[in-house]
Structure formats: C-alpha cells, structure tokens
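Spelled out, the chains give:
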Amino acid sequence: MEYTWQYYDLVLLGVFASVATGFAVGALTGVSPTTSTLGFGLVAVGFIGHGLFVNGPVDDPGDLADEVDTLN
C-alpha cells in the first residue's frame, strides 16, 4: 500500500518547517533567536489559520451543528 500525502500532512509539515527554519536562522546567523523564531512562528500561525479557516475540516457549515454520538 502506497501512502498518499493529504492536505493536513502538508499543513503539519509547513508548521514544523517554519519553526525549524526560525530556530536555524537564529542559531546560524546574527539575528536574535527570539526574533527569528517569533517571525517564523507567525508563518506557522498562517499555515494553521489556512488549515482551520480557509480549507477547514468540514464539508459545509451545517456539519458543525451535528451531535457527537460517542459523547452521549
């Protein structure tokens, strides 16, 4: 069975890559690690926001009102 990449796999990869890049920039250049990690952390927030609000995990807004049977 061959694995196929899904959208949310790419979102998680983007979050990890942006935070890791921020850390690397802070460690390997003259930029403050706090500044670079914060800056690239904002990029990670952009990935998360896109995954939640632009291409959310529901098909339509009506799905948000469905009851969860496993908790009842």
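Structure: see above.
Parameters at a glance
- Residues numbered from 1 in each chain as written.
- Predicted model: local features only at pLDDT ≥ 70, side-chain atom pairs only at ≥ 80, totals over all residues.
- Heavy atoms only, no water.
- Helix = DSSP H or I, 4+ residues; strand = E, 2+ residues; numbered from the N terminus.
- Buried < 20%, exposed > 50% of the residue type's maximum accessible area, 1.4 Å probe, protein only.
- Contact = heavy atoms within 4.5 Å.
- Expected span 1.5 Å × (residues − 1).

## Thoughts on the environment of Tyr 7
Part 1: With respect to the helices, strands and loops of the structure, Tyr 7 is situated in helix α1 (residues 7-28).
Part 2: On the accessibility criterion, Tyr 7 (28% relative accessible area) is partly exposed.
Part 3: Taking the C-alpha atoms as reference points, Tyr 7 and Gly 51, 44 residues apart in sequence, are found 8.3 Å from one another.
Part 4: Residues within four places of Tyr 7 in sequence aside, it is in contact with His 50, Gly 51 and Asn 55.

## What to know about α1
Part 1: With 22 residues, α1 ought to run about 32 Å at 1.5 Å a step, and its terminal C-alpha atoms sit 31 Å apart, in line with that.
Part 2: On its buried face, α1 sits against α2 (33-54).

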